[in-house]
Amino acid sequence: MKTFCGRANPTTGALDWVEESEEYDYHQEIARSCYADMLHDKDRNKKYYEGIRAAVSRVKARGERVVVLDIGTGTGLLSMMALTAGAEYCYAIEVFKPMAQAATSIVERNGFSDKIKVINKHSTEVTVGPDGDMQERANILVTELFDTELIGEGALPSYEHAHMHLVQAGCEAVPHRATIYAQLVESDMLWKWSQLQPIEVDGNKLLPPPAVVKCAGAISVCDIQLSQVPPESFTPLGPICTMFSVDFSKPVSSAAQSYTAQFKAQTRGRAQVVLSWWDIDMDPDGNIVCTMAPSWNYSDPRTYPWRDHWMQSVYFLPAEENVSEGEELNLIVSHDDYSLWYSLAQNEQNDVKLAKFRPCCTCQAHLVWTRPRFGELNDEQRKESYVNALRSILKPDSVCLSVSDGSLLPIFAHLLGSKKVFSLENSGMVKQVIEQVLHANSLKNGVQLLGIRPEQLSLADLEGNQISVLMGEPYFSTSLLPWHSLFFWYCRTTVAQLLHPNATILPRAAILYIVAVEFRDLWRIRAPCGSCEGFDVSPMDEMIQQSLDYRESWEAEPHPLWEYPCRALTKPRPVMTFDFTQCVPEQPINSDGTVPFTGRGRCHGVALWMEYQLTEDITVSMGLTKPVSEEGVCEWSPHRKQGVFFFRSMRETSGDGREDLSYNLTFEPHTGDIKMDFSITEL
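No experiment lies behind these values; they were computed from the predicted model shown.

**Some details on the pattern of salt bridges**
Argument step 1. Inspection of the entire model under this criterion finds 36 salt bridges.
Argument step 2. Each of R373, E376, R382, E473 and R640 takes part in a single network of salt bridges with overlapping partners.

Structural data, given as structure tokens:
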């Protein structure tokens, strides 16, 4: 049996559906999962173990036989904790078949096969009775069904069903309750991820379309490592509010509900963003607490337990609202069965007892521009680089063609005085968004949007003009890894016959950079665990490794490195140049060499990114935004993901010239992929 999987194709700029073997999909699911991160989360594991011990003791104190239901068992870790704490039997439910098989192996290896039954079903399909999956209802409910938003993995419907059909009335639950916290803030940095800001170009102010300004924005939560958002980048307008709690030991409802927190504004400002996270109490008294609060909410940030499987949430209000110091405010959180959203009201406004309609994008811009893309379009320094580069090459008789998804470059080119500006926008939705921008600024005739692909472009589409300036950021919505934006190069090759002999290409070239790094924490998502809280979970490590070894295991993977602090152990090194002034070559481009380690530390892998040479003296980086400090501190662009090549195992480096990073890269022009191999060699 075959399965179809989406793969970014840099040669076409499309997401191709490629036929793969039936194992491919779940191997990728396992390989790119964060199961290892959860097992390395010592704070989580310790708190669960303490909570389970306490729950088992309470049930035994009532003279009852302890039967545990573990929903979403994963490795079976929590079930084994329960047995070790004194439970008589556990039903461990896991819907993902490979994971259920791993749990079975782990349970067997640890000697619990006779007391833990792994059930490979969704919990809502589990039956109870003499012929059922469970012989009896459980009196302890243990779950780990949470995501960054708490309820996004269907926790509420699962709890609702479990209380109705799988557990006894008055059961113990671990965790016992969850509590959602939120803080209303003003933050220009974060707000720029949600709304297009006015843009100055040569004395002209480019305004966002009214439909975009009035739009409530994307419906999905923005989950980030909030600890990497510096406190000086936002102003709290109110206290950290307790929004609502869910008691998992009692029947749970998945029905839509709203809750409100009332407070006085601490200062005058613009209410724009809500920062949110949650805690889970593992026991009824709240003595065993696992919190998702960001590091800057700790009295000692050094004690912050890093985790990537649970982060923090950023919610953007439907509209920016001015508030005055001392003003009475109602912060309202609403939820359905899978998501949360926030709104703000004065005391006399709105009936907060009623769940509000979930906001959604009505302008289409939030559907075609991701939040990092909004941030990129609003980046003043980046905009100046492109405007200055365009200003240096454009002439009154310039005929420009732009190739990028939803780019403002063609509008910049028109405002800078180009004779004709054309822009390829193959996506109808993206085309409509750019049309809104043009219409809002009375520039409807300034840029001609062509809803065709590069290979369909003809001289007639260009009104008989040859292209004198071919430009791109480049940005394409299907790009996952830095080199996927080389689609611009393929477009340049496709339209070569339509270029003026002296045409200018912007950018002139792309340069691939590498640097060996030590991650503060990100290494955990790939590191084997071996033992967790005294249990042998090596079958899980073996399963992940088998999936990593499946075909594309040693490719780089995309990560937004601004969220994941790392330290450079080598100097950044340009390793491959792609000359956009020439067509894509027929033959592969090879690059190999060595980079000396200059820093002492633990090398976890290699970071890769692109820098675009717009002109001879103007370059924009999609990776490092500043030179690496003497201590190796790296500052990364928050707008694009960088590539990360993880080593199979960490290597210590001395930084005194005894080790080199060896690299071998091959760009395959027929696929647009870059095959890579890195190793650490001792001299």
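That was the structure; now back to the text.
**Section: helix α15 (residues 538-548)**
Argument step 1. Most of α15 is tucked away, with eight of its eleven residues classed as buried.
Argument step 2. The set of residues buried in α15 consists of S538, P539, M540, D541, M543, I544, S547 and L548.

**Some remarks on the sheet that holds strand β21 (residues 420-424)**
Argument step 1. Strand order across the open sheet formed by five strands is β22-β21-β20-β23-β24, with parallel pairing between neighbours. What marks the edges here is a single partner per strand, and that holds for β22 (448-450) and β24 (499-506). Averaged over all pairs of adjacent strands, the angle between their axes in this sheet comes to 25°, without regard to strand direction.
Argument step 2. Docked against the sheet, helix α14 (residues 487-494) engages β20 (399-403), β23 (467-471) and β24, running at close to 170° with respect to β24.

**Observations regarding the UniProt feature "domain: Protein arginine N-methyltransferase" (unreviewed entry) in the protein**
Argument step 1. Per the UniProt record, "domain: Protein arginine N-methyltransferase" (unreviewed entry) is found at residues 176-345 and 509-681.
Argument step 2. Taken end to end, residues 176-345 is 5% helix and 46% strand, and its two terminal C-alpha atoms sit 32 Å from one another.

**Regarding the pairing of strand β34 (residues 642-653)**
Argument step 1. Relative to β34, strand β28 (residues 557-559) runs antiparallel, the two sharing three bridges. Paired with E557 across the two strands is V644, which belongs to β34.
Argument step 2. Sheet topology note: the strand β32 (residues 601-613)/β34 ladder contains seven bridges and is antiparallel. Note on β34: the bridge partner recorded for G605 is F646.

**Topic: unusual backbone geometry**
Argument step 1. Backbone torsion omega between E473 and P474 reads -10°, so that peptide bond is classified as cis.
Argument step 2. Its place among the elements puts P474 in the loop between β23 and α14.
Argument step 3. With an omega of 5°, the peptide bond running from L506 to P507 counts as cis.
Argument step 4. Following the sequence through the fold, P507 ends up in the loop between β24 and β25 (509-519).

**Things to note about the sheet that holds strand β19 (residues 340-346)**
Argument step 1. The strand order across the open sheet built from three strands is β14-β18-β19, with neighbouring strands paired in antiparallel fashion. Strand pairing shows two members of the sheet lacking a second neighbour, β14 (257-264) and β19, which therefore form its edges. Adjacent strand axes in the sheet meet at a mean angle of 20° when their direction is disregarded.
Argument step 2. Where β14 and strand β18 (residues 328-335) come together, eight bridges link them in antiparallel fashion. Bridge pairing in β18 links T260 to I332.

**Thoughts on the domain arrangement of the protein**
Argument step 1. For the protein, the domain assignment lists domain 1 (2-32), domain 2 (34-177), domain 3 (178-364), domain 4 (371-506) and domain 5 (509-520 + 565-682).
Argument step 2. One C-alpha centre belongs to domain 4, the other to domain 5; they are set 28 Å apart.
Argument step 3. At the junction of the two partners, domain 4 supplies 29 residues and domain 5 supplies 32 residues.
Argument step 4. With both chains or domains summed, domain 4 and domain 5 bury close to 2,500 Å², and 68% of this area falls on carbon and sulfur atoms.
Argument step 5. For the domain 4 face of the interface with domain 5, the top three residues by lost area are W483, W489 and Y490, together amounting to 31%.
Argument step 6. In this assembly, domain 4 and domain 5 are joined by one salt bridge.
Argument step 7. Across the salt bridge formed by R640 and E376, the nearest N and O atoms sit 2.8 Å from each other.
Argument step 8. For the interface between domain 4 and domain 5, the tally reads eleven residue pairs in polar contact (both at pLDDT 80 or more).
Argument step 9. Residue assignment for the side of domain 4 that touches domain 5 shows that the elements contributing at least two residues are α10 (371-377), α11 (380-393), α14 and β24.
Argument step 10. Sort the elements by how many residues they give to the side of domain 4 that touches domain 5 and α11 lands first, with seven residues.
Argument step 11. Here the residues of the side of domain 4 that touches domain 5 are counted per class, giving 17 nonpolar, six polar and six charged.

Reading the values: rules and limits
- Residues numbered from 1 in each chain as written.
- Predicted model: local features only at pLDDT ≥ 70, side-chain atom pairs only at ≥ 80, totals over all residues.
- Heavy atoms only, no water.
- Salt bridge = Lys/Arg side-chain N within 4 Å of Asp/Glu carboxyl O.
- Buried < 20%, exposed > 50% of the residue type's maximum accessible area, 1.4 Å probe, protein only.
- Helix = DSSP H or I, 4+ residues; strand = E, 2+ residues; numbered from the N terminus.
- Pairing = 2+ DSSP bridges.
- Axes fitted to C-alpha atoms, helices over the stretch in contact; angles between N-to-C directions.
- Contact = heavy atoms within 4.5 Å.
- UniProt positions renumbered as here; feature names shortened; annotations may be inferred.
- Domains from an automatic or database assignment.
- Buried area = accessible area lost by both parts, 1.4 Å probe.
- Polar contact = N/O pair within 3.5 Å; in protein donor to acceptor, adjacent residues only side chain to side chain.
- Nonpolar A, V, L, I, M, F, W, Y, C, P; charged D, E, K, R; others polar.

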